[in-house]
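# Structural characterization, general
The residues making up each chain are set out below.
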Amino acid sequence: MSATTLASRPKREWKRPKIGSVLQHAYIWFWLALFVLPFVVTILRSLEDPDGGRSFAAYSTVYSSFWSYLRLSIEMTVLTIAINLLIGIPAAYAIVRHPIPGKRLILSVLNLALYTPGAVMGISLAITYAFLFHIPHSYTGLIAAYVVGTYPLMLVPIIVALRDLPTMYEEAARTLGANRLQSFFRVELPLLGPGISAGILLTFVIVFNEFLVTLFIAGPGTTTAALRVYGLTRTGFLPSTAAVAAVMQFVSFLVVLTFFKAFGSRYLKGTYLI
Amino acid sequence: MANPSITIHASDAIAAPGQVTTRRWRGALVGPGLLLPAFVVTILFSIVPLIYLILVGFTEESTFFTHHRVYTVSNYRVIWDRYLPHVVNTIKLAVYSSVFDLVFGYPFAYILIRKVRYRELVRTAMTFPLFGPLYLAYGISYIVLPNGPLAPVLNPILDFLGVEVTTLLFSTPMTVIGMAIFTFPFMVMNVGTALSNVDPTLEEAARTLGARPWQVFTRILFPLSWSGILAGFLMCFGWNLGVFVVPLLLGGIPQQRVLSLTLYQKGVVQFDYGLASAMGIVLMVLAFGVTWLSLKFSRGALGA
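Note that the structure is predicted; figures quoted are calculated from it, not measured.

### Regarding the overall build of chain A
Across its full length, chain A carries 14 helices and zero strands. Counted from the first residue to the last, chain A has its helices and strands arranged as α-α-α-α-α-α-α-α-α-α-α-α-α-α. Per-residue burial for chain A yields a buried fraction of 44% across its 274 residues. Considering only intrachain contacts with a sequence separation of at least 6, the fraction spanning at least 24 residues in chain A is 77%.

Here's what the structure looks like:
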C-alpha cells in the first residue's frame, strides 16, 4: 500500500532543509515569540534602574507593599481549589457512574458560568450580593464567585479521566471486601490523580489572575493581587508595576510548567485551554 | 462497557438478597445527592444573579431596591437610541479579531499538526496569553509606546512601512491585535483538532493527482476541517464579545465603546443599575447565542 511505502522511507539521511520548511518553522516561532514577548518586555522593564542600569531594585516593592495582596490571592486561590475539589469530585463521579435523568441539561446548567462574560457575571453578582444576600464586598462573596466560575473547569478533566478509567478496579476492590467509600478513596482517587491535577492547575491559573469579576465585587479589604496589578497598570509603566506583573506571570508559568512536566497535556484535552 | 452502575447493584444483590429493593431505591438517590452541592452553588451564584439581572433590567435606575419600584422598558430603548454604536462596535471588534485569528491561526495549526515535532514546547508557550489579557495588553502597550524599549528596532520598520509611530497605540488595529493574540490559542486548538482528523494521505493523493497547493486547500482541507474552523471562530468571537481590559489599555476612546466597559461605567461608577443590567442582558444574549452555536459544532470532552 502506498501508506506503508511512504512510512518506511529511510529518515536518517540528512536532507538540506528546504526553504519552504524553514519558512514554516519561522512562522511558528514568530507567533510563539509574539506570545512571550509581552512577558519578556515586562521583565526587562522591571529590571531597570532609575539611573539607567540593571538591577532588581524594583522587586523590593514586591516584598514590601505587594506582599499582602499576594498572600491574599494565594490564600483565596487555595481555598477555591479546595472547595472545587469538594464539590467537583463527587459531581464528576455522579455524572460518569450514576444514571441521572436529564444529565445533558444538568451539565449545561453547571457549565453556565463558563459561558457568561466576566462583566455580566460581575454586575449580576454585585447587585445580588448587595441587595439580596447582603454581603457586599465580602470575602465569602468573592470565594463563591471564584468557585462558581471555575468548578466546571475542575469538572471536565475529572470526567474525562473517570471515563477512561475502567470500572474493573473498583469492582475488584469491592469483591475483595471494600465498601463503596473505601474502594473510591483507596483505588479510584489515586488513579484520578492526573485528572484532578489538571483541574487544580486550571483553577489556579484562572483564579490567581482573575481581576474582572473581582473588580465588580471586591472591597477595600479584599483586594486581590490581580486586582492590584490592574489598578497599577492604569498608572503607567513604572518598573515596580512591571516587577509586580512579572511576578504574577512567573508564578502562573511555574505552575503550568510543573504540571506539564509531571503529566503532559493529555488531561487538559477537552477543556479548550490546550 | 454496559451501564456500570447496574453492575454494582448486581453485586449488592449477591451480598444481601433480601435488601435489594431498599438498597436500589436508596442507591438511586446517591447520584443526584453527589451532584447536589455543585447544583446548589450554581443556582445560588449563577442562576439567581442572572434572574436578578433580567428583573433589574426592567426597572428604572436603582429603583428596584427601594420602595418606589418603577418598571419600564426604557432601559432597552435607551440602549437602542444611544448605545447602539457601542453594541455595533463590540461586535465589530470581535469580528475583526476572530477573522484575524482565523487567517493567521489556520496556517499555524496546519504547520503545528503536520510538520512540527516540538508540540509540547509550543503548547507551553501558548498558555502565556491565557494567563490573562491584562498582562498581554500591558506588555503590548509598553512595546508599542513611541519611546519604548523596542523603539530602535521598531521605528525603522514602521518608517519603512510608512506608519506613523504615534498612531500605533490607542488605535483599532492595536486593539484588534491584542484581542486576537489572547484568543489565538482557542482557534489553533479547534482547527488543530479538526485537522488532526484529516488523513494526510488524502492531501498526498490529491497532489499526486495534480492538484496545486491552493486546490488541495480549497477542495480537501477546508471542507474537512470546516467544523473546526466554525467552532474556533465562534469560540473566539464569544470570548471577544466580553472583552474588557484590552480596549482599555490598548484602545482610545472610540475603541473603548465596548459593552463590558460601558456596563462597568454605568453600573459601578454611576449606579445606574437598570441600564447596566439591561446592557448585561444584551451582552449575555449575544455571548450565549454565539457559544450555543459553537457548542453545536465543536467536539467537547463530553461528547456533545
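### Points about the overall build of chain B
Of regular secondary structure, chain B possesses 14 helices and zero strands. For chain B, the α and β elements follow one another from N to C terminus as α-α-α-α-α-α-α-α-α-α-α-α-α-α. Buried positions account for 44% of the 304 residues belonging to chain B. Long-range contacts, defined here as pairs at least 24 residues apart, represent 74% of the contacts in chain B between residues at least 6 apart.

### Describing the interface of chain A and chain B
Contact with chain A, which involves 80 residues of that partner, is made by 77 residues of chain B. Of the residues assigned to the side of chain A that touches chain B, the class counts are 59 nonpolar, 16 polar and five charged.

### Some details on the packing of helix α2 (residues 19-46) of chain A against helix α4 (residues 84-114) of chain B
Relative to each other, α2(A) and α4(B) sit at 120 degrees, their axes nearing to 10 Å. In terms of their interaxial angle, α2(A) and α4(B) are classed as oblique. Crossing geometry of α2(A) relative to α4(B) is assigned as left-handed. Contact residues: A:Gln24, A:Tyr27, A:Ile28 and A:Trp31 in α2(A); B:Pro107, B:Phe108, B:Ile111 and B:Leu112 in α4(B). When the residues that make up the contact of α2(A) with α4(B) are grouped by side-chain class, the tally is seven nonpolar, one polar and no charged.

### Regarding the environment of B:Ala137
Residues and elements named next belong to chain B. Among the secondary structure elements, Ala137 is positioned in helix α6 (residues 133-144). Owing to 27 C-beta atoms within 10 Å, Ala137 belongs among the buried residues under this scheme. Along the sequence, Ala137 and Phe182 sit 45 residues apart, while their C-alpha atoms lie 9.0 Å from each other. Contact partners of Ala137, with chain neighbours within four places excluded, come to Gly178, Val245, Val246, Leu249 and Leu250.

### Focus on the packing of α2(A) against helix α5 (residues 119-126) of chain B
Contact pair α2(A) / α5(B): the axes reach a minimum separation of 9 Å and the direction vectors enclose 35 degrees. The element α2(A) and its partner α5(B) pack so that their crossing is left-handed. Across the interface between the two elements, A:Ile28, A:Leu32, A:Phe35 and A:Val36 from α2(A) touch B:Val122, B:Ala125 and B:Met126 from α5(B). For the contact of α2(A) with α5(B), the class distribution of residues is seven nonpolar, no polar and no charged.

### Remarks on the confidence of the model for chain A
Chain-level statistics for chain A give a pLDDT mean of 82 and a share of 87% at 70 or above. Looking at the elements of chain A, mean pLDDT is at its lowest for helix α1 (residues 2-7) of chain A, recorded as 56, and at its highest for helix α4 (residues 67-97) of chain A, recorded as 90.

### Quick notes on unusual backbone geometry
One non-glycine residue with positive phi stands out, namely A:His137, at about 55 degrees. Note on placement: A:His137 falls in the loop between α7 (118-131) and α8 (139-164). Look at B:Phe271: it is not a glycine, yet its phi comes out positive at around 60 degrees. Structurally, B:Phe271 can be placed in the loop between α13 (259-269) and α14 (273-297).

### Thoughts on helix α10 (residues 213-224) of chain B
Between the first and last C-alpha of α10(B) there are 16 Å, a value that for 12 residues agrees with the 16 Å anticipated at 1.5 Å per step. Where burial is concerned, little of α10(B) is hidden: one out of the 12 residues are buried.

### Remarks on the environment of B:Leu234
Residue and element names in this part refer to chain B. When you line up the elements, Leu234 lands in helix α11 (residues 226-241). With 57 residues separating them along the chain, Leu234 and Ile177 place their C-alpha atoms 17 Å apart. In contact with Leu234, not counting residues within four places along its chain, are Val290, Leu293 and Ser294.

### Thoughts on the environment of B:Ala125
By the element assignment, B:Ala125 lies in helix α5. Overall, the presence of 19 C-beta atoms within 10 Å leaves B:Ala125 in the partly exposed class. Beyond its immediate chain neighbours, meaning those up to four positions away, B:Ala125 contacts A:Leu32, A:Phe35 and A:Val36.

### Describing α7(A)
Residues and elements named next belong to chain A. Look at α7: 20 Å from first C-alpha to last across 14 residues, which is about the 20 Å you get at 1.5 Å a residue. Along α7, 12 of the 14 residues are buried, which leaves the element largely enclosed by surrounding structure. Turning to α7, its buried residues number three or more, namely Gly118, Ala119, Val120, Met121, Gly122, Ile123, Ser124, Leu125, Ala126, Ile127, Thr128 and Tyr129.

### Things to note about the confidence of the model for chain B
Residue and element names in this part refer to chain B. Looking at chain B as a whole, the pLDDT averages 78, with 80% of positions reaching at least 70. Looking across chain B, the model is least confident in helix α1 (residues 4-15), with a mean pLDDT of 40, and most confident in α4, with 90. Counted against residues more than four places away or in other chains, residues 1-22, with its pLDDT under 50, gives 15 contacts. pLDDT under 50 marks residues 300-304. Its contacts with residues more than four places away, or in other chains, come to 10 contacts.

Rules and cut-offs
Residues numbered from 1 in each chain as written. Chains lettered and ligands numbered in written order. Predicted model: local features only at pLDDT ≥ 70, side-chain atom pairs only at ≥ 80, totals over all residues. Helix = DSSP H or I, 4+ residues; strand = E, 2+ residues; numbered from the N terminus. Buried ≥ 20, exposed ≤ 12 C-beta atoms within 10 Å, placed from the backbone. Contact = placed C-beta atoms within 7 Å. Nonpolar A, V, L, I, M, F, W, Y, C, P; charged D, E, K, R; others polar. Axes fitted to C-alpha atoms, helices over the stretch in contact; angles between N-to-C directions. Parallel < 35°, antiparallel > 145°, perpendicular 65-115°, else oblique. Left-handed = near helix turned anticlockwise from the far one by under 90°. pLDDT = per-residue confidence, 0-100. Expected span 1.5 Å × (residues − 1).

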